[in-house]
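Breakdown of the fold
What follows is the residue order along each chain.
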Amino acid sequence: MPAPWNIVVIAGSLRKESFTLKVAKALAKLSPASLKMNVVTLHDISFFNQDLEANPPADWLAFRERLQKSNGVLFVTPEYNRSIPGVLKNAIDVGSRPYGKSSFLGKPIGIVSNSPGVLGGVNAAMNLKQLLPGITGPIMGQPEIYLVGVGDAFDAEGNLTKEPMQKVMQQFIDAFAAWVEKHNR
Ligand code: FNR
C-alpha cells in the first residue's frame with residue numbers, strides 16, 4: 001500500500017477554543033504530502049464500560065474501525081492535573097479492547113503535548129508513553145515535543161503565529177512522517 005498514509009490525529013480536549021485542537025490542525029497543515037491527517041475529537045465516544053463489551057455501542061465500533069484503517073496515530077494532548085484528560089484515557093480504553101485485539105496494534109504512534117504554561121504538558125506525554133506500549137505499535141521516541149506557551153501562539157483564525165514553535169512542529173511532523181513510512185513498508 002503506497003502513501004499517502006492515513007493518520008488519525010486525536011485531539012485530547014473537548015473545548016471549543018482548545019489550543020490542543022489548534023495544535024492538531026496546525027500539525028495537519030505542516031504535514032508533508034505523504035501524510036493524510038484526519039483530526040478527530042472525542043465528543044462522540046461514550047464511556048467505556050466492560051459490561052458493554054459483548055454488544056459494543058456503535059460509537060466504539062466506529063472509532064475502532066477508524067483506527068484499524070489508519071496507518072498511524074498521532075496523539076495531541078493537553079495536561080490535566082499532571083496527566084492526560086479523562087476523555088482521552090476513555091478513548092484509549094475503548095480502542096484497546098477487546099483484550100488482545102487493540103485497534104492501535106501495530107500502528108506507529110506520535111505524541112505531542114502542549115500547555116499555556118511553562119512545562120508543555122510533559123507529564124501528560126510521559127503518561128501516554130507509559131500506558132501505550134502494550135496496546136500500540138512503535139512509539140516514536142525522538143524528537144520529543146512539549147509545546148510551551150500555546151496561549152498566545154495562534155491568531156483569531158487559528159493560524160500559528162509563533163515562528164519558533166512552527167519550526168519545532170515542522171521538525172516533529174517530518175520525523176513522524178518518516179516514522180510512519182518506516183513502519184508501513
Ligand atoms: C489544567 N491545566 C493544566 N496545565 C498544565 O500545564 N498542567 C496541568 O497539570 C494542568 N491541569 C489542569 C487541570 C484541569 C482540570 C484543567 C481544566 C486545566 C491548564 C490547561 O493546560 C489549560 O486549561 C489548557 O487550555 C487545556 O487545553 P485545551 O483545552 O486548550 O486544549
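Placed above this text is the structure.
Below is a short write-up of the structure. Numbering of residues starts from 1 in each chain and follows the order in which that chain's sequence is written. Two thresholds apply to this predicted model, a pLDDT of at least 70 for residue-level local features and 80 or more for giving and counting side-chain atom pairs, whereas whole-chain, interface and lining totals are computed over all residues. The side-chain quantities take in all heavy atoms of the structure and omit both hydrogens and water.

**Some thoughts on the pattern of salt bridges**
In what follows, salt bridge is the name for a side-chain nitrogen of Lys or Arg lying within 4 Å of a carboxyl oxygen of Asp or Glu. Scanning the entire structure with this criterion turns up eight salt bridges. Residues Glu65 and Lys69 are paired through a salt bridge, measuring 2.9 Å at the closest nitrogen-oxygen approach. Throughout, exposure labels follow a simple rule: accessible area from a 1.4 Å probe, protein chains only, divided by the maximum for the residue type, with under 20% read as buried, over 50% as exposed, and the rest as partly exposed. A relative accessible area of 39% places Glu65 in the partly exposed class. The residue Asp152 makes a salt bridge to Lys162 at a minimum N-O spacing of 2.7 Å. Note that Asp152 is positioned in the loop between β5 (146-147) and α5 (163-182) and Lys162 in the loop between β5 and α5, a separation of ten residues in sequence. On the basis of relative accessible area, Asp152 is assigned to the exposed category, the value being 53%. The numbering of helices and of strands both runs from the N terminus, where a helix is a DSSP run of H or I of at least 4 residues and a strand a run of E of at least 2.

**What about the sheet that holds strand β2 (residues 35-40)?**
Within a sheet, adjacent strands bond to each other through the backbone by hydrogen bonds, running parallel or antiparallel. Spatially, five strands are ordered β2-β1-β3-β4-β5 in an open sheet, and the strand pairing comes out parallel. Of all the strands in the sheet, the pair left with one neighbour each is β2 and β5. Any two strands with at least two DSSP bridges between them are considered paired. As defined by bridge partners, strand β1 (residues 5-11) adjoins strand β3 (residues 72-77) across five bridges and the pair is classed as parallel. Bridge pairing in β3 places Ile7 opposite Gly72. Contact criterion: two residues are considered in contact whenever any of their non-hydrogen atoms come within 4.5 Å of each other. Inter-axis angles, ranging from 0 to 180 degrees, are taken between N-to-C directions of lines fitted to C-alpha atoms, where helices are fitted over the stretch in contact. Helix α4 (residues 122-131) contacts β3, β4 (109-114) and β5 of the sheet and is inclined by roughly 155° relative to β4.

**What about the site of the ligand?**
We call a residue near a molecule or strand when any one of its heavy atoms sits within 4 Å of it. Taken together, Ser13, Arg15, Ser18, Phe19, Thr20, Pro78, Glu79, Tyr80, Asn81, Arg82, Ser115 and Pro116 make up all the residues around the ligand. By the criterion applied in these results, polar contacts are pairs of N or O atoms within 3.5 Å in which, for protein atoms, one can donate a hydrogen and the other can accept it, and in which residues neighboring in sequence qualify only through two side-chain atoms. A distance of 2.7 Å is found between an oxygen atom of the ligand and a side-chain nitrogen or oxygen belonging to Ser13. At a separation of 2.6 Å, an oxygen atom of the ligand approaches a polar side-chain atom of Thr20. Surface accessibility in these figures is a Shrake-Rupley result with a 1.4 Å probe; residues are shielded only by whichever protein chains are displayed. In isolation the ligand has 620 Å² of accessible area, and contact with the protein removes 70% of it. We call Asp, Glu, Lys and Arg charged. Ala, Val, Leu, Ile, Met, Phe, Trp, Tyr, Cys and Pro are nonpolar, and the rest, Gly among them, are polar. Per-class residue counts for the shell around the ligand are four nonpolar, five polar and three charged.

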